[in-house]
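Each chain, letter by letter, is given below.
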Amino acid sequence: MTRRHGKAQDSRSRARKTVLRVLTVAAICAGTLGVATPAIAIGLPGFGSCKTQPTPQIPGQGVSGWVEIPPAKPPAPAAAFGSRPASTEYAQYGYAGLFWTTYDLGCVPVTAFGVMFDTAAGNWLMGGAKMIVAADNTVHTWASNPSWVAALTPLVTGATGALYKALFVTWAGIALMIVGLSVTLRAHRSDMPSAVTLAAWALLVIGLVSGVVAAPGWAGQQASALMGTTLDALDAGFVGPGGQANAAAAHDSLTVSSVLYPAWLRGEFGDPSSPAAQQYGAQLFQAQALSRSQAAGSPQQIAATDKADQAKWAQIASAVQSSNPQAYAAIQGNAQSRIGAGLLAWMTALIVCGFDLIASLVVIVALLGVMAGVIMLPALGVVGMHHGMRHLVTTTGSRILGMLINGVMYAAAAGVDQIATRTLLTQSVLPQPLVLLLLAVLPVALWMLLRKLRGRPAIPKVAKRAALLGLGYATMRRGTRRGVEDALAQQDQQGPPGMWWSDPWTWRAYAYRPALPGLPAPAPPVPPVGGGGGTPGGPAI
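Computed from a predicted structure; not experimentally measured.

Criteria and thresholds
- Residues numbered from 1 in each chain as written.
- Predicted model: local features only at pLDDT ≥ 70, side-chain atom pairs only at ≥ 80, totals over all residues.
- Heavy atoms only, no water.
- Helix = DSSP H or I, 4+ residues; strand = E, 2+ residues; numbered from the N terminus.
- Buried < 20%, exposed > 50% of the residue type's maximum accessible area, 1.4 Å probe, protein only.
- Contact = heavy atoms within 4.5 Å.
- Areas by Shrake-Rupley, 256 points an atom, 1.4 Å probe, with all protein chains shown as cover.
- Salt bridge = Lys/Arg side-chain N within 4 Å of Asp/Glu carboxyl O.
- pLDDT = per-residue confidence, 0-100.
- Core = buried A, V, L, I, M, F, W, Y, C linked by side-chain atoms within 4.5 Å.
- Polar contact = N/O pair within 3.5 Å; in protein donor to acceptor, adjacent residues only side chain to side chain.
- Axes fitted to C-alpha atoms, helices over the stretch in contact; angles between N-to-C directions.
- Parallel < 35°, antiparallel > 145°, perpendicular 65-115°, else oblique.
- Left-handed = near helix turned anticlockwise from the far one by under 90°.
- Nonpolar A, V, L, I, M, F, W, Y, C, P; charged D, E, K, R; others polar.
- Phe/Tyr/Trp six-rings, centres within 6.5 Å; stacked < 30°, edge-to-face > 60°.
- Lys NZ or Arg CZ within 6 Å of the ring centre and 35° of its normal.

Topic: the overall build of the chain
Now for step 1: Within the chain one finds 16 helices and 2 strands.
Now for step 2: Put simply, the chain has 541 residues, and 39% of those count as buried.
Now for step 3: Contacts in the chain between residues far apart in sequence, at least 24 positions, make up 74% of those at least 6 positions apart.
Now for step 4: With the model as given, the accessible surface of the chain reaches about 29100 Å², and the carbon-plus-sulfur share is 66%.

Structure follows, in structure tokens:
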């Protein structure tokens with residue numbers, strides 16, 4: 001009997017330990033992902049009403065707050081909700097307030113275990129969605145405002161100078177000797193075009209390396225300014241500035257207001273478009289989150305604000321209980337729909353922010369590629385100085401240019417994806433599963449389109465050849481004309497009347513030397529033997 005009783009006690013003890021471990025793991029996971037721990041503390045009979053209001057969350061807490069780039073100074077308080085808000089949820093509150101809590105479940109914790117687990121797991125999933133959105137917003141800000149490029153300029157300068165001294169200065173003389181030998185051999189074979197090409201290419205590479213070494217940070221600064229201006233213009237064009245000075249902030253506000261806030265309403269009221277959610281949702285949200293300006297106050301001010309917000313939260317909950325008992329049950333957590341709402345928030349965040357995150361990373365990689373090309377140019381210039389090894393320089397430049405073009409194209413495609421997100425997530429005609437399907441298929445279609453466009457050269461081969469032929473023809477005619485004019489000016493007038501170009505642009509030659517400006521008229525031409533040759537006004541040869 002004693003053994004059975006002891007075994008029963010051990011079994012109950014193990015069960016209690018298991019429950020405590022599950023709750024502890026859920027609380028740790030929720031806290032790790034930046035989720036405010038819901039007010040699930042349940043009192044004992046005779047000790048209050050067991051209604052614990054949530055403590056307002058401060059912006060910048062948790063992993064999402066760690067990833068977030070906070071503003072230089074808190075924005076001025078402004079309305080973030082309503083028909084024509086002057087600000088946005090993200091601008092005023094960041095990622096704060098996007099959590100759920102249990103409320104008014106009674107004073108017996110065993111009966112509320114399912115509700116508590118649903119809320120904890122839902123907060124964990126919502127924390128994952130917040131982390132995805134925060135990562136996307138931060139990387140997008142880095143791509144559209146690449147001020148970090150200036151911080152890497154000393155590294156680029158030092159690395160470029162080190163390679164220049166170690167490789168280019170040491171081996172450039174030997175490379176020039178090889179180029180000079182190649183030019184001599186080509187000239188000896190009467191292949192003057194190849195000899196001129198070898199010499200001109202070597203001089204071009206030397207000039208390019210010298211310019212890069214003189215100003216290593218110039219290329220990175222110009223590329224960052226170009227990409228930043230382009231992305232800001234795309235953000236303003238596709239997303240719209242929304243009354244904000246920085247267009248990238250409008251992008252951040254769009255992801256929060258279109259992805260996270262509707263998911264929070266779904267978990268808090270069961271349906272984000274219900275009358276209760278539309279009437280009380282913004283009020284409850286503001287009562288469980290401190291604005292950035294409020295969080296910048298003193299500890300005493302923050303404590304007073306917390307107390308006032310908790311009292312306000314309780315009043316709003318009582319108003320919901322009186323007007324809509326079904327919505328009040330969802331606020332309590334009894335609807336047990338928060339796992340689904342959190343999972344839906346996580347999936348929506350991944351679908352909406354995934355392509356934009358990749359596009360921003362493409363832009364950042366392009367900027368890093370420019371700086372890497374600047375660093376490696378002195379090393380590549382040593383071998384690429386010879387025209388036969390020019391592909392080392394031209395291929396690197398072509399790849400870097402292609403990366404910049406990819407960045408612009410992906411940024412434009414991400415802007416299309418963002419405007420589709422805002423349009424589809426804010427409408428009420430299409431069902432939610434179809435909206436998510438469209439948002440999941442659209443990035444794939446955009447990626448296929450970009451791949452097709454990048455598979456074609458930016459300039460067709462026919463246009464390249466025509467441009468080269470036209471440039472060569474114009475250069476040849478200009479050079480020929482200058483050479484003939486110089487030869488005519490320097491020719492001794494007592495010399496024999498040889499063949500002279502009268503008009504290089506018409507390619508006509510005469511068998512006498514025409515009079516030159518400022519010189520005495522030449523002697524009359526000797527009549528040709530046999531009636532051939534040219535005379536003044538006679539036929540051209």
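Details of the pattern of salt bridges
Now for step 1: In the structure shown here, the tally under the stated rule is 3 salt bridges.
Now for step 2: The closest approach of N and O atoms between R292 and E68, which form a salt bridge, is 2.6 Å. Linking R292 in helix 10 (residues 292-295) with E68 in the loop between helix 2 (62-67) and helix 3 (89-93), this pair joins segments that are 224 residues apart in sequence.
Now for step 3: One salt bridge in this structure joins R338 and E268, with 3.8 Å as the shortest N-O distance. Of the two residues, R338 sits in helix 13 (residues 338-384) while E268 sits in helix 8 (residues 247-269), which places them 70 residues apart along the sequence.
Now for step 4: With a relative accessible area of 1%, R338 lands in the buried category.
Now for step 5: Take E268: its relative accessible area is 0%, and that puts it in the buried class.

Quick word on helix 12 (residues 325-332)
Now for step 1: Turning to helix 12, its buried residues are A327, Y328, A330, I331 and Q332.
Now for step 2: Once helix 12 ends, the next one or two residues include G333, with phi positive near 105 degrees.

Quick notes on the confidence of the model for the chain
Now for step 1: Taken as a whole, the chain shows an average pLDDT of 78; of its residues, 72% reach a score of 70 or greater.
Now for step 2: Looking across the chain, the model is least confident in strand 1 (residues 500-503), with a mean pLDDT of 46, and most confident in helix 11 (residues 299-323), with 93.
Now for step 3: Segment residues 492-505: pLDDT under 50, and 34 contacts once partners within four positions in sequence are set aside and those in other chains are kept.
Now for step 4: Low pLDDT (under 50) marks residues 509-513, which in the prediction has 28 contacts with non-local residues, meaning those over four places away or in another chain.

As for the nonpolar core
Now for step 1: By size, the foremost hydrophobic cluster in this structure holds 48 residues, and its most contacted members are V133, L260, W264 and F269.
Now for step 2: Top element by residues in this core is helix 8. It accounts for 8 residues.
Now for step 3: Every residue in contact with W264, bar those within four places of it in the chain, is listed here: G97, L98, F99, W100, M126, G281, L284, F285 and Q288.
Now for step 4: By size, the runner-up hydrophobic cluster in this structure holds 31 residues, among which are A143, V212, M385 and L404.

Examining the side chain of S182
Now for step 1: On the secondary structure map, S182 appears in helix 5 (residues 148-188).
Now for step 2: At 3.1 Å, the side chain of S182 forms a polar contact with the side chain of H386.
Now for step 3: Not counting residues up to four positions away in its chain, the partners in contact with S182 are L198 and H386.

A few points about the environment of Q221
Now for step 1: Assignment of secondary structure puts Q221 in helix 7 (residues 218-239).
Now for step 2: Ignoring anything within four residues of it in the chain, the contact list for Q221 reads V149 and T153.

Description of the packing of helix 14 (residues 391-425) against helix 15 (residues 432-454)
Between two packed helices, the angle of one axis relative to the other and the distance separating the axes together describe the packing.
Now for step 1: Where helix 14 contacts helix 15, the two axes come as close as 10 Å, and the packing angle between them is 160 degrees. By the angle between their directions, the pair helix 14 and helix 15 is classed as roughly antiparallel. Here helix 14 runs over helix 15; the crossing is right-handed. Only Q432, V435, L438, L439, L442, P443, L446, W447, L450, L453 and R454 of helix 15 make contact with helix 14, whose side of the interface consists of G402, I405, N406, M409, Y410, A413, V416, D417, A420, T421, L424 and L425.
Now for step 2: When its residues are assigned to classes, the contact of helix 14 with helix 15 shows 17 nonpolar, 4 polar and 2 charged.

Digging into the environment of T348
Now for step 1: Examined against the element boundaries, T348 turns out to sit in helix 13.
Now for step 2: For T348, a relative accessible area of 5% translates into the label buried.
Now for step 3: Apart from the residues lying within four places of it in its own chain, the contact partners of T348 are V259, L425 and L436.

Looking at the packing of helix 13 against helix 14
Now for step 1: At their nearest, the axes of helix 13 and helix 14 sit 8 Å apart, and the two run at 165 degrees to each other. Considering their axes alone, helix 13 and helix 14 lie roughly antiparallel with respect to each other. Here helix 13 and helix 14 pass one another in a crossing that is left-handed.
Now for step 2: Considering only residue class, the contact of helix 13 with helix 14 consists of 20 nonpolar, 9 polar and 2 charged.

Describing the side chain of R338
Now for step 1: A distance of 3.1 Å separates the side chain of R338 from the side chain of T119, its partner in a polar contact.
Now for step 2: In this structure, R338 is in contact with W100, T101, T102, D118, T119, G122, G267, E268, A330, I331, Q332 and G333, ignoring residues within four places of it in sequence.

Brief notes about the packing of aromatic side chains
Now for step 1: All chains considered together, the criterion is met by 10 aromatic pairs.
Now for step 2: For the pair Y93 and F285, a centre-to-centre distance of 5.4 Å together with 80 degrees between the ring planes defines the contact as edge-to-face. Residue Y93 is located in helix 3, and its partner F285 is located in helix 9 (residues 275-287); the two are separated by 192 residues in the primary sequence. In terms of burial, Y93 and F285 fall into one category: buried.
Now for step 3: Ring centres of W264 and F285 lie 5.6 Å apart, and the angle between their planes is 70 degrees; this geometry places the pair in the edge-to-face category. With a gap of 21 residues between them, W264 in helix 8 and F285 in helix 9 connect regions that are remote in the sequence.
Now for step 4: With relative accessibility at 0%, the residue W264 sits in the buried group.
Now for step 5: Connected via pairs of aromatic rings, a cluster forms that spans F81, Y93, Y261, W264 and F285.
Now for step 6: Above the face of the Y90 ring, R292 is positioned so that its terminal group lies 5.3 Å from the ring centre.

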